[in-house]
Amino acid sequence: MGFLVTTLIFLLSGGVASLLSLLCCNRGPSTNLFHLTLVITATVCCWMMWAIVYLAQLKPLINPILSGE
Amino acid sequence: MQIIIVFTKPSYYSAYTLHPMKIKRCGEMSRKLRFLKEQMLKAAISTSSTQLSGTSLDIDDLEIKLGELEVELTEGNANNEKLQRTYNELVEYNVVLQKAGECFYSAQRSATEQQREMSADQPDDSSLESPLLQQEMLTDPSKQVKLGSLSGLVPKEKAMAFERILFRATRGNMLLRQEPVDETVTDPLSGEKVNKNAFVIFYSGDRAKSKIVKICDAFGANRYPFPEDTGKQLQTIQEVSGKISELKATIEIGLAQRDSILKNISSEFDHWNNMVKKEKAIYHTLNMLSLDVTKKCLVAEGWSPVFATSQIEDALLRATVDSKSQVGSIFQVLNTQESPPTYFQTNKFTSAFQEIVDAYGIAKYQEANPGVFTIVTFPFLFAIMFGDWGHGICLLVATLYLIIREKKLASQKLDDIMDMMFGGRYVILMMSLFSIYTGLIYNEFFSVPFELFAKSAYVCRDPSCGDATTEGLIKARPTYPFGVDPVWHGSRSELPFLNSLKMKLSILIGVAQMNLGIFMSYFNAKFFRNAINIWYQFIPQLIFLNSLFGYLSLLIIIKWCMGSKADLYHVMIYMFLSPTDDLGENQLFPGQKLVQLVLLLLALVSVPWMLIPKPFLLKRQHDQRHQGQQYTMLEATDESVTELEEQHEDHNEEFEFGEVFVHQLIHTIEFVLGAVSNTASYLRLWALSLAHSELSSVFYEKVLVLSWGYNNIIILIIGAVIFLFATIGVLLVMETLSAFLHALRLHWVEFQNKFYEGDGYKFAPFAFASIIEEED
């Protein structure tokens, strides 16, 4: 699973969540916008967190050195 | 929008001046209610709200009833007090009669005996008992002295002083006999229980008597007449004890009657209290209304949410029908210059987040509400500092308990800390969910890593794995797909790796959130059609922040993707110090030097761009409006005088150019310095998350694993208990609090200062529910 595939998964799950929020609790344009904002912000935050950690491990500059017991 | 509601005057408000009277009456009624409550507290009767009153009282009836009750109770209390006092006096009298009797007789007998048989030999014991009197008798035997006596009770602690003073005042010409009373007696004056001594004083002469009486009064010694002859004495004792039992019965009946009255009140008390509170609030509000010119109707000006317009109209219509008024109320939208209050509709989920924002400042009317993003970003920033999915699950369980028992807990009265937790239960829910997510990313479950998503990417260099502890492992598989590779945990290079990762993570997240804040200022400016703010504030701010820290973020990502060993500190520092120098081995991409030069220039240009044009443009705008409005003033002749005056005041507002310029200068300096300090401030994410993971791994390894190593069940249990308490006390309570506070700060300062003015005021609608709640 590369960077793009997982990003796509995030994108899809964000899209599905947005759709669900639109379908399940459709309560007028203002509330829908509010729900969409929440879903998108949450998705972006989670994706950012994942992406940063993933990218940081992509090409390691230091290797794990096990502590000798 | 501002609305005006015109009420027709209801018939029962005969005059406008009635309202202060009504309010006074309500105040009086609530005073009476407080009095009743006090009485109930004294009688230890609690208010029971179980009975919903079947009898509906009118407020006027209630007033009469309260008055009656108050009079009844005060009279009862006064009577009771009087009776109690008499009762106490009688009890004291009784004690005196009993106690003083003994010493009185022994003393008097000896004294009279002495008088009679002066020449004869005296018995030894009597001489011991009355040495002073005896002395007097002996020195002056021929003189016939009439002996008087006083008896009473004196407080025990004053007895010594009492005796001394008496002795000095009469120069020893008296005899005092004291006898401690075994049980405490109630003082009739103060009503307190005190230990007392019964005393009998024998004296001679009227002058001595008046002196002694004065001294008795000064010492609070109650005097009681003591009949000298035995027959009378017996009679008195009988009389007194008869009176005592009589009084006791009377007092008990009085108390029982009072209790029954109070009990009746207690079932209705809450109902009455609410009624009075409501009435008072209604008249307070009515007092804010004004009479119109014809003095026939009341005018109410106020704010209402646009969506509630139809509800208000309905309510007014219903009121008209209910009060059988011939003329309906008129509901009219009013145009005004005043800035309206801010009202965000919240539900139980969003209200706590909105409170976080409101604690910083209430949004200006129609300003973008940071609360929307706060719902996600606040728990997210918290979770970055609190990344451990084991701890996250603990928090989740705790908050789910609160949420499931929501209805039950909401009706209870909770103590301060519980109340705070309960109020923020949905905030904690979001925090725990994000903690579980970031915990999975950090790969920590009570600081223990799991290979949940794939096998670790790292393997030994050779099959023997000999140099795993010296040279380290080597990456052979694809990167661990989700979160931190479990192999890092416990390795010697864990800290350098995690430090670098979390520091960069903090900067990236921080720059992203600050950019979000700047974009919010764009939307604010767009909504208020403020082109100046877009062109001379939003754009230079965006350029400044991103040409420095946006570029740094970009470098971080490029470095990761390329696996370059370039030193980013060096790059950033020399971008300022010597931008024309060659980057050498620190170059990450071709043409980097040119890009850096351009970015530096942009950043330098954006500072005066923020500073200089805006004040001048504002001045021009003001001048233009000033001219324009002078014309409209002449046109607006049909408007009321007050409105003209108001507008006039607006016109006279001088444009203080210096002030505006200084304001802009401060704003610019704040932003430029803030860009640096705010970015640095986001490093707290790194510090706190590192502290959290280190603490939890210390607790795990030094307590749980160590106690496991002893192979002893008792040590293991002790270790587990210590681990449990350390985890709950330090990690789940203290760390949660500190991470919460830091997330709060990042939102209030670093995020909101980019766009949020927060100088509005809250919409405070009139509601009975809040009135009843607030005073409890």
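Computed from a predicted model, the values in this text were never measured in an experiment.

Before going further, it helps to spend a moment on the overall build of chain A. Helix and strand counts for chain A stand at 2 helices and 0 strands. Over its C-alpha trace chain A gives a radius of gyration of 18 Å, far above what one expects of a compact globule, namely 11 Å for 69 residues. Along the first, second and third principal axes, the C-alpha set of chain A runs to 60 × 20 × 20 Å. The proportion of buried residues among the 69 residues of chain A is 39%.

This next bit is on the UniProt feature "transmembrane region" (unreviewed entry) in chain A. Mapped onto the present numbering, the UniProt feature "transmembrane region" (unreviewed entry) falls on residues 33-56 of chain A. Overall, residues 33-56 of chain A shows 100% helix and 0% strand. The separation of its end C-alpha atoms is 34 Å.

The subject of this paragraph is the environment of Leu298(B). All names here are of chain B. Residue position: Leu298 is located in strand β9 (residues 297-303). Relative accessible area serves as the criterion here: at 4%, Leu298 is assigned to the buried category. A C-alpha to C-alpha distance of 8.8 Å links Leu298 and Leu286, two positions 12 residues apart in sequence.

Let's shift gears to the packing of helix α18 (residues 592-611) of chain B against helix α21 (residues 657-681) of chain B. Residue and element names in this part refer to chain B. It is at 9 Å that the axes of α18 and α21 come closest, and there the two elements cross at 150°. What the angle tells us is that α18 and α21 run roughly antiparallel. Here α18 runs over α21; the crossing is right-handed. Residue-level inspection shows Val607, Met610 and Leu611 of α18 in contact with α21, the latter providing Phe661, Gln664, Leu665, Thr668, Phe671 and Val672. Tallied by class, the residues present in the contact of α18 with α21 amount to 7 nonpolar, 2 polar and no charged.

Residues and elements named next belong to chain B. One open sheet accounts for 4 strands, arranged β3-β6-β2-β7; its pairing is antiparallel. One side of each edge strand has no neighbouring strand; the edge strands of this open sheet are β3 (174-180) and β7 (222-224). Ignoring which end each strand starts from, the neighbouring axes of this sheet average 25° apart. Bridging between β3 and strand β6 (residues 196-204) involves 7 bridges; their strand directions are antiparallel. Its bridge partner being in β6, Gln178 is matched across the sheet by Phe199. Along the sheet, helix α5 (residues 159-169) contacts β2 (147-155), β3 and β6; its crossing angle with β3, the most-contacted strand, is approximately 170°. Here helix α6 (residues 206-218) sits on the sheet in contact with β2, β6 and β7, set at roughly 165° to β6.

Here we take up unusual backbone geometry. All names here are of chain B. A positive phi angle, near 70°, is found at Gln366, a position not held by glycine. In this structure, Gln366 sits in the loop between α9 (351-360) and α10 (371-385). With a phi close to 70°, Ser447 is a non-glycine residue in the positive phi region. By the secondary structure assignment, Ser447 is in the loop between α14 (425-442) and β11 (458-459).

Let us now look at the nonpolar core. Judged by nonpolar contacts, the single largest core of 91 residues is most densely connected at Leu381(B), Ile384(B) and Ile509(B). Ranked by residues supplied to this core, first place goes to helix α16 (residues 531-562) of chain B with 14 residues. Beyond its immediate sequence surroundings of up to four residues, Ile509(B) is in contact with Met48(A), Ile52(A), Phe380(B), Leu381(B), Ile384(B) and Leu685(B).

Taken together, the side chains of Ile713(B), Ile714(B), Ile717(B), Ile718(B), Val721(B), Ile722(B), Leu724(B), Phe725(B), Ile728(B), Val733(B), Met734(B) and Leu737(B) present a nonpolar region at the surface, about 1200 Å² in accessible area. Structurally, Ile722(B) can be placed in helix α23 (residues 713-751).

This part is about the state of the cysteines. Linking two cysteines covalently via their sulfur atoms produces the bond known as a disulfide. Residue and element names in this part refer to chain B. By the definition in use, this model includes 1 disulfide over all chains. Each sulfur in the disulfide pair Cys460 and Cys465 lies 1.5 Å from the other. The exposure class assigned to Cys460 is partly exposed, which follows from its relative accessible area of 25%. Accessibility expressed as a relative area gives 29% for Cys465, which makes it partly exposed.

What follows concerns the UniProt feature "coiled-coil region" (unreviewed entry) in chain B. Sites flagged by UniProt as "coiled-coil region" (unreviewed entry) map to residues 59-86 of chain B. Split by type, residues 59-86 of chain B is 100% helix and 0% strand. Its first and last C-alpha atoms lie 40 Å apart.

Contact with chain B, which involves 50 residues of that partner, is made by 30 residues of chain A. In this structure, the connection of chain B to chain A is made through 0 salt bridges. Contributions of two or more residues to the side of chain B that touches chain A are made by α10, α14, α15 (494-527) and α16 of chain B. Per-class residue counts for the side of chain B that touches chain A are 30 nonpolar, 13 polar and 7 charged.

Take the environment of Asn546(B) next. Residues and elements named next belong to chain B. The topology assignment puts Asn546 in helix α16. We classify Asn546 as partly exposed; its relative accessible area is 26%. Here the alpha-carbon distance between Asn546 and Gly205, two residues 341 residues apart in the chain, equals 108 Å. Apart from residues no more than four positions distant in its own chain, Asn546 is found in contact with Val511, Asn515 and Tyr551.

Glancing now at the side chain of Asn77(B). Residues and elements named next belong to chain B. Positionally, Asn77 belongs in helix α2 (residues 59-116). Classification of Asn77 by relative accessible area gives buried; the value is 17%. When residues no more than four places from it in sequence are discounted, the contact partners of Asn77 are Gln39 and Arg258.

Residue and element names in this part refer to chain B. Packing of α10 against α14 brings their axes to within 8 Å, and their N-to-C directions diverge by 50°. Taken as axis vectors, α10 and α14 run oblique relative to one another. Relative to α14, the crossing made by α10 is right-handed. Facing α10, whose interface residues are Ile375, Val376, Phe378, Pro379, Phe380, Phe382, Ala383 and Ile384, α14 presents Val427, Met430, Met431, Phe434, Ser435, Thr438 and Tyr442. For the contact of α10 with α14, the class distribution of residues is 13 nonpolar, 2 polar and no charged.

Bringing the pattern of salt bridges into the picture now. All names here are of chain B. In the structure shown here, the tally under the stated rule is 13 salt bridges over all chains. In this structure, the salt-bridge partner of Arg223 is Asp217, at a minimum N-O distance of 3.3 Å. Taking the relative accessible area as the measure of exposure, Asp217 reaches 49% and is therefore partly exposed. Note that Asp358 and Lys762 form a salt bridge whose closest N and O atoms lie 3.4 Å from each other.

Our focus in this paragraph is the UniProt feature "transmembrane region" (unreviewed entry) in chain B. Residue and element names in this part refer to chain B. Listed under "transmembrane region" (unreviewed entry) in the UniProt record, and renumbered for this structure, are residues 380-404, 425-442, 505-523, 535-558, 594-612 and 713-734. This span, residues 380-404, is 88% helix and 0% strand, and a straight line between its end C-alpha atoms measures 23 Å. The annotated region residues 713-734 carries 100% helix and 0% strand content, and the separation between its end C-alpha atoms amounts to 30 Å.

A few words on helix α8 (residues 309-322) of chain B. Residue and element names in this part refer to chain B. A rise of 1.5 Å per residue sets the reference length of α8, with its 14 residues, at 20 Å; its end C-alpha atoms lie 20 Å apart and thus fit the reference within 8%. What α8 keeps buried is the set Thr309, Ile312, Leu316 and Thr320. Buried residues in α8, looked at end-on, bunch into an arc of 75°, giving them a common side. The exposed residues of α8 that point more than 90 degrees off its buried face are Gln311, Leu317, Arg318, Val321 and Asp322.

So, about the confidence of the model for chain B. Residue and element names in this part refer to chain B. Mean pLDDT over chain B: 83, with 88% of residues reaching 70 or higher. Contacts of residues 7-16 to residues separated by more than four positions or lying in other chains number 23 contacts, the stretch itself having pLDDT below 50. Scored below 50 in pLDDT, residues 134-142 makes 11 contacts in the model with residues more than four places away or belonging to other chains. Quick note on the complex model: pTM equals 0.76, ipTM equals 0.96.

Turning our eyes to something else, we now look at the environment of Ala198(B). By the secondary structure assignment, Ala198(B) is in strand β6. Residues in contact with Ala198(B), not counting those within four places in the same chain, are Lys99(B), Gly152(B), Leu153(B), Arg177(B), Gln178(B), Glu179(B) and Val181(B).

The rules behind each value
Residues numbered from 1 in each chain as written. Chains lettered and ligands numbered in written order. Predicted model: local features only at pLDDT ≥ 70, side-chain atom pairs only at ≥ 80, totals over all residues. Heavy atoms only, no water. Helix = DSSP H or I, 4+ residues; strand = E, 2+ residues; numbered from the N terminus. Rg over C-alpha atoms; globule rule 2.2 N^0.38 Å. Buried < 20%, exposed > 50% of the residue type's maximum accessible area, 1.4 Å probe, protein only. UniProt positions renumbered as here; feature names shortened; annotations may be inferred. Axes fitted to C-alpha atoms, helices over the stretch in contact; angles between N-to-C directions. Parallel < 35°, antiparallel > 145°, perpendicular 65-115°, else oblique. Left-handed = near helix turned anticlockwise from the far one by under 90°. Contact = heavy atoms within 4.5 Å. Nonpolar A, V, L, I, M, F, W, Y, C, P; charged D, E, K, R; others polar. Pairing = 2+ DSSP bridges. Core = buried A, V, L, I, M, F, W, Y, C linked by side-chain atoms within 4.5 Å. Patch = residues over 30% accessible without salt bridge, like charges linked within 9 Å, V, L, I, M, F, W, Y side chains within 5 Å. Areas by Shrake-Rupley, 256 points an atom, 1.4 Å probe, with all protein chains shown as cover. Salt bridge = Lys/Arg side-chain N within 4 Å of Asp/Glu carboxyl O. Disulfide = S-S within 2.5 Å. Expected span 1.5 Å × (residues − 1). Arc of directions from axis to C-beta. pLDDT = per-residue confidence, 0-100.

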